[in-house]
Amino acid sequence: MMSVGQPAWEVVTVADRAEYWLESHWYFAVAYMILAVLAVAAMVVALGMGLIYGERKIAAHFQCRMGPMRVGYHGILQSIADTIKLLLKEDIVPERADKVLHLVGPFLTLVVTILILGVLPYSPLLQLADVSLGVLYLTALSGLSVLGLLLGGWSSNNKWSLLGGMRAAAQVISYEITATLALLVVTMFAGTLTLSGIVQSQAQGWWVWRAHGVGLLSMGLFMIAATAEINRTPFDIPEGESELTGGFHTEYSGLRFAFFFLAEFINMFVVAGITVTLFLGGWMPLRIGNWETFNNLMGLIPPSLWFLGKVVVMVFVLMWFRWTFPRMRVDQLMRLEWKFLLPIGFINLFAAAVIILCKWYFFPV
Amino acid sequence: MTEFQQIERKQITFGGKPVPVAVVHPLDRASKAPSVLKGLVRGMRLTLGYFLRPWKVVTRQYPENRQTLRFPQRYRAMLTMIHDSQGFHRCTACKLCEKACPNGSIRVITQKGLLEGVNKLDQYIWRMDSCLLCNACVQACPFGALKMTHSFENAVYDRRLLVYNLNRYAGPPAKVLAAEPDTAKRRQMMEPRGRFDGPLPLNEGLKPVLAKTQESPVRETSA
Ligand code: SF4
Ligand code: SF4
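Residues numbered from 1 in each chain as written. Chains lettered and ligands numbered in written order. Predicted model: local features only at pLDDT ≥ 70, side-chain atom pairs only at ≥ 80, totals over all residues. Heavy atoms only, no water.

Just to check I follow, could you spell out the overall build of chain A for this structure?
Helix and strand content of chain A: 14 helices and zero strands. Of the regular secondary structure in chain A, the N- to C-terminal order runs α-α-α-α-α-α-α-α-α-α-α-α-α-α. Its C-alpha atoms give chain A a radius of gyration of 21 Å, near enough to 21 Å, the size a compact globule of 365 residues would have. Principal-axis analysis of the C-alpha atoms gives chain A an extent of 65 × 55 × 45 Å. For chain A, the residues scored as buried account for 52% of the 365 residues in total. (Helix = DSSP H or I, 4+ residues; strand = E, 2+ residues; numbered from the N terminus. Rg over C-alpha atoms; globule rule 2.2 N^0.38 Å. Buried < 20%, exposed > 50% of the residue type's maximum accessible area, 1.4 Å probe, protein only.)

Below is the structure:
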């Protein structure tokens, strides 16, 4: 039951619109999809550059430094300069490397990231495709992303790379469980697997606080697990420079390295986006109980801005983690997952089930 | 039990016999979680504090702020022999600094004094290329004849230019010169020395020819 005065959000995805045109003018549909693909490509590049610049600046200020200052005003063009440099660099492939897999590794990593970008709901009108098994799709893809790292590490024919790739695989497989358990909680509350459906189920309040602590806990679990899955500090052992020179990308240079690098940074955006979609209401404006004026005022801000704002905050938090916490050891990493997060995740899931059965959560839909 | 021990081994008596048992404390480590979390939060507060106070940044934009550079007082970049307002130094050529230097970067060359008949400083050679700026020479000097200055822009294209002669004249130290009232006699006791006087081992003793632009590869430090 929806309260009075609440705007009903109608979700129209790009795929929906293409399908609509497919019936009458198929070439419109094709053009539309090509446009969408180009937009995604542009978004990947822009996101990559923006995030790299942002990370460098923010990291610098976390450490009493200034970061890039030379290229452009306060180093604003630094990312462009770096991109050109990476494009022009020599592409070195080790002689004994597996040539095909060496190429596939970085590609796969980037492709997986882009595939996730395609299903994230940016606003009711801006989502490439609303996959009916959205959450499952996310889980599957994040499991696939490690394949790229593993391939890269394996094919380089270098012991550091191999160790890095293996570590990445072990880490992602372990933390996948916690991440999935955390996602399950939200799916249970929302009663749907589609991402836009989950966003719409939060019209009355975001799951992070609506679910009586269970939501907050699962968001915490998901943040930890997701940080581990995208190999960011404090879980960056696959590329721990002090132990493995460069980890899985030791033997990569030039454009191939750029792909790994780009995927790593866009993954940060992806993780922030998933967290926001599942726990922080996605593009939903903030609503508090029956403060009608406040709710209407919040409703004036367009949904895409809400999404962007929340994602920026989450990305900042991820960077904050990275530049504060020290790297964990491999055994500590495994212990954290199997001995702490996993039991907590299961208890949390159970508690969520009890809460749902007893209908204890706020503002029942 | 040590801090990280989860399994405690001990012996109990069972039916009159000692039996080894292992007591497991699974929650022992978990009980430390709050303090760990507190530590993490404290770290995050610290870094956020830095982030929110951009004026605390320690980075200096070097070439731009060249005119307003400030150094910590004890910053060491260049060994200098102190010359007073009349151009006299205080070195008695005792060679203590030469002995104190761990790298052998200093060579004090003496000459027999023409007028006084004692050893006096002829050339004070300091090899910047092998100096590690440890300050031992400054501390060793009993007459306070040396000091470290802040002039750090010492890069040159020819490493022979890193072998300096620190004294501006050969001859007796300031104390002896000041005691001599006759200006002409005093001048006679002093023999000028340039920055690059002295042995230049890399070029068979030939002095480097300075290009016009290279006239002063180091910023002159005030005496
Ligand atoms: S600073 Fe140290 S290394 Fe340099 S000349 Fe003096 S004693 Fe030798
Ligand atoms: S600089 Fe000082 S220690 Fe060195 S020779 Fe001269 S007086 Fe002696």
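I keep staring at the overall build of chain B and nothing clicks. Help me out?
The helix and strand inventory of chain B stands at six helices and nine strands. A total of 223 residues make up chain B; the buried ones form 31% of that total. If you sum the accessible surface of chain B, you get close to 14,600 Å²; carbon and sulfur atoms cover 56% of it. (Areas by Shrake-Rupley, 256 points an atom, 1.4 Å probe, with all protein chains shown as cover.)

Help me understand the interface of chain B and chain A in this model?
Note on interface size: it is often stated as the accessible area lost on association of the parts. In this assembly, 19 residues from chain B lie in contact with 17 residues from chain A. Among the residues of chain B in contact with chain A, M44(B), F51(B) and Q61(B) are the three that bury the most area, contributing 34% of the side total. Applying the counting rule to chain B against chain A returns one salt bridge. A salt bridge links R70(A) to E64(B); its shortest N-O distance comes to 2.5 Å. Linking chain B to chain A there are seven residue pairs in polar contact (both at pLDDT 80 or more). Of all the secondary structure elements, the ones that give two or more residues to the side of chain B that touches chain A are α1 (27-30) and α2 (33-52) of chain B. (Contact = heavy atoms within 4.5 Å. Buried area = accessible area lost by both parts, 1.4 Å probe. Salt bridge = Lys/Arg side-chain N within 4 Å of Asp/Glu carboxyl O. Polar contact = N/O pair within 3.5 Å; in protein donor to acceptor, adjacent residues only side chain to side chain.)

Hey, could you run me through the confidence of the model for chain A in this one?
Low-confidence regions, as indicated by low pLDDT, have predicted coordinates that should not be scrutinised in detail. Residues and elements named next belong to chain A. Confidence in the prediction of chain A, expressed as mean pLDDT, is 82, and 96% of residues score 70 or more. Mean pLDDT across the secondary structure elements of chain A bottoms out at helix α10 (residues 241-244), with 74, and peaks at helix α13 (residues 303-322), with 88. Ignoring residues within four places in sequence, the model shows residues 1-6, a span with pLDDT below 50, making seven contacts including any to other chains. (pLDDT = per-residue confidence, 0-100.)

In this structure, what is going on with helix α14 (residues 330-357) of chain A? I would like to understand it.
Note that an α-helix has 3.6 residues per turn; residues three or four places apart therefore point the same way. Residues and elements named next belong to chain A. Between its terminal C-alpha atoms α14 stretches 39 Å, which fits the 40 Å expected from 28 residues at 1.5 Å a residue. Roughly 35 degrees is the biggest bend found in α14, and it falls at L341, with proline P343 one to four residues downstream. For α14, the complete set of buried residues consists of L333, E337, L341, L342, G345, N348, L349, A352 and I355. Looking at the packing, one finds that the buried side of α14 touches α6 (159-190) and α9 (214-229). In the segment just after α14, K359 is the residue with positive phi, at about 55 degrees. (Expected span 1.5 Å × (residues − 1). Bend = angle between axes of the 7 residues up to and from the residue.)

Quick question: what am I supposed to make of the site of ligand 1 here?
Taken together, 14 residues lie around ligand 1, and C101(B), C131(B), C134(B), N135(B) and C137(B) are the ones closest in. Here the shell around ligand 1 is composed, by residue class, of eleven nonpolar, three polar and no charged. (Near = heavy atom within 4 Å. Nonpolar A, V, L, I, M, F, W, Y, C, P; charged D, E, K, R; others polar.)

Hey, could you run me through the sheet that holds strand β4 (residues 106-112) of chain B in this one?
Strand-to-strand pairing in sheets goes through backbone hydrogen bonds, with the strands running parallel or antiparallel. All names here are of chain B. Spatially, β4-β5-β7 is the arrangement adopted by the three strands of the open sheet, whose pairing is antiparallel. Only two strands of the sheet have a single partner each, and these edge strands are β4 and β7 (163-165). Averaged over neighbouring strand pairs, the angle between their axes works out to 25 degrees when direction is ignored. Sheet topology places β4 next to strand β5 (residues 119-127); seven bridges connect them, and they run antiparallel. (Pairing = 2+ DSSP bridges. Axes fitted to C-alpha atoms, helices over the stretch in contact; angles between N-to-C directions.)

For this particular structure, what's the right way to read the side chain of H89(B)?
Residue and element names in this part refer to chain B. Along the chain, the position of H89 falls in the loop between β3 (78-81) and α3 (96-100). Residue class for H89 comes out buried when judged on its relative accessible area of 0%. Polar contacts involving the side chain of H89 include one to the main-chain amide nitrogen of C91, which spans 3.2 Å. Leave out the neighbours within four places in its chain, and H89 touches M81, I82, H83, L121, N167, Y169, G171, P172, P173 and A174.

Help me understand α9(A) in this model?
Residues and elements named next belong to chain A. Helix length check: α9 (16 residues) gives 22 Å between terminal C-alpha atoms against 22 Å at 1.5 Å per residue, within 8%. Close packing links the buried residues of α9 with α5 (134-155), α6, α8 (207-210), α11 (254-279), α13 and α14. Immediately downstream of α9, the backbone of N231 shows phi near 55 degrees, a positive value.

Mind showing me how you'd approach the domain arrangement of chain A here?
Residues and elements named next belong to chain A. Here the domain parsing of chain A yields domain 1 (1-88) and domain 2 (95-358). Here domain 1 and domain 2 have C-alpha centroids that lie 17 Å from each other. Across the boundary between the two partners, domain 1 contributes 27 residues, which contact 36 residues of domain 2. Counting the surface lost from both domain 1 and domain 2, the interface buries some 2,900 Å², and carbon and sulfur atoms represent 74% of this. Inspection of the region where domain 1 meets domain 2 yields two salt bridges. Our enumeration of links across domain 1 and domain 2 arrives at two residue pairs in polar contact (both at pLDDT 80 or more). (Domains from an automatic or database assignment.)

So what exactly am I meant to see when it comes to unusual backbone geometry here?
Where the residue is not glycine, phi is negative for most of them; where a peptide bond is considered, it is trans in most cases. Not every positive phi belongs to a glycine, and N231(A) is a case in point at roughly 55 degrees. Tracing the backbone through its elements, the reader meets N231(A) in the loop between α9 and α10. What makes N231(A) buried here is its relative accessible area of 5%. A positive phi angle is found at K95(B), which is not glycine, with a value near 70 degrees. With respect to the element layout, K95(B) can be found in the loop between β3 and α3. The class for K95(B) is partly exposed, based on a relative accessible area of 30%.

Before we go on, may I ask you to explain a nonpolar patch on the surface in this structure?
Residues and elements named next belong to chain A. On the surface, L22, W26, Y27, F28, V30, I34 and L38 cluster together to form a nonpolar patch covering roughly 750 Å² of accessible area. Top contributing element to the nonpolar patch by residue count: helix α2 (residues 26-62), with six residues. Looking at the secondary structure, you find I34 in helix α2. We classify I34 as partly exposed; its relative accessible area is 49%. (Patch = residues over 30% accessible without salt bridge, like charges linked within 9 Å, V, L, I, M, F, W, Y side chains within 5 Å.)

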